[in-house]
Every structure is written in structure tokens, then in C-alpha cells.
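# Structural description and commentary
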Amino acid sequence: MNHLDRLRAVFRMALNLPADADVDGLEYRAIPQWDSLAHMALIATMEDEFSVMIDTDEMIDMSSFAKAAELLEKHGFGAAEL
């Protein structure tokens, strides 16, 4: 499983979405499940899954699945791996 697939799984798990839910275009607050509390759970799950520390500015900036993918790239998960 590549890092992008792992990120998709993290989003589905943290937001309690079905296993086949399309999350690639997902944005913060676009669905009821992704509220501020779920955002913190999502951050924590990402930190656990990818062994990264996400700072406050990054948490605030992570407003979509695409931004989360960019964040992982910044933390050393290269675009080729994503």
C-alpha cells in the first residue's frame, strides 16, 4: 500500500466513512463528519500512521485531502511515493 492509499485509509477511519468512500476531493467541513473534533482525530491518526509531528500552523492549513497529501510530502513522503 502506498502512502496515498494509507492516507485515504486514515481519512476514512478518522471520519468514520465507508471503506469505498472517495476522499480525494474532500475538504474540511464539506461533510458533517469532518468537524473540528474530527479534524483533531484526523491529525492524531495521521501522526500515528506516518510517525510525523504536525504543528499548529500545519493543522490549521490542512483543509482538504490534497493539503494533507502536500503535508506528508513536506514531512518526507515524496510525491513519487504518494
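Below is a summary of the structure that appears in this document.

Definitions and cut-offs
- Residues numbered from 1 in each chain as written.
- Predicted model: local features only at pLDDT ≥ 70, side-chain atom pairs only at ≥ 80, totals over all residues.
- Heavy atoms only, no water.
- Salt bridge = Lys/Arg side-chain N within 4 Å of Asp/Glu carboxyl O.
- Helix = DSSP H or I, 4+ residues; strand = E, 2+ residues; numbered from the N terminus.
- Buried < 20%, exposed > 50% of the residue type's maximum accessible area, 1.4 Å probe, protein only.

### Considering the pattern of salt bridges
For the structure on display, the rule yields five salt bridges. The salt bridge partner of Arg6 is Glu49, with a shortest N-O separation of 2.7 Å. Of this pair, Arg6 sits in helix H1 (residues 3-14) while Glu49 sits in helix H2 (residues 36-50); the two residues are 43 residues apart in sequence, bridging distant segments of the chain. A relative accessible area of 34% places Glu49 in the partly exposed class. Here Lys74 ties to Glu58 by a salt bridge, and the two come within 2.8 Å at their closest N and O atoms. Taken together, the residues Lys74 in helix H4 (residues 65-74) and Glu58 in helix H3 (residues 56-61) connect sequence positions 16 residues apart. By sharing partners, the salt bridges in this structure join Asp5, Arg8 and Asp24 into a single network.

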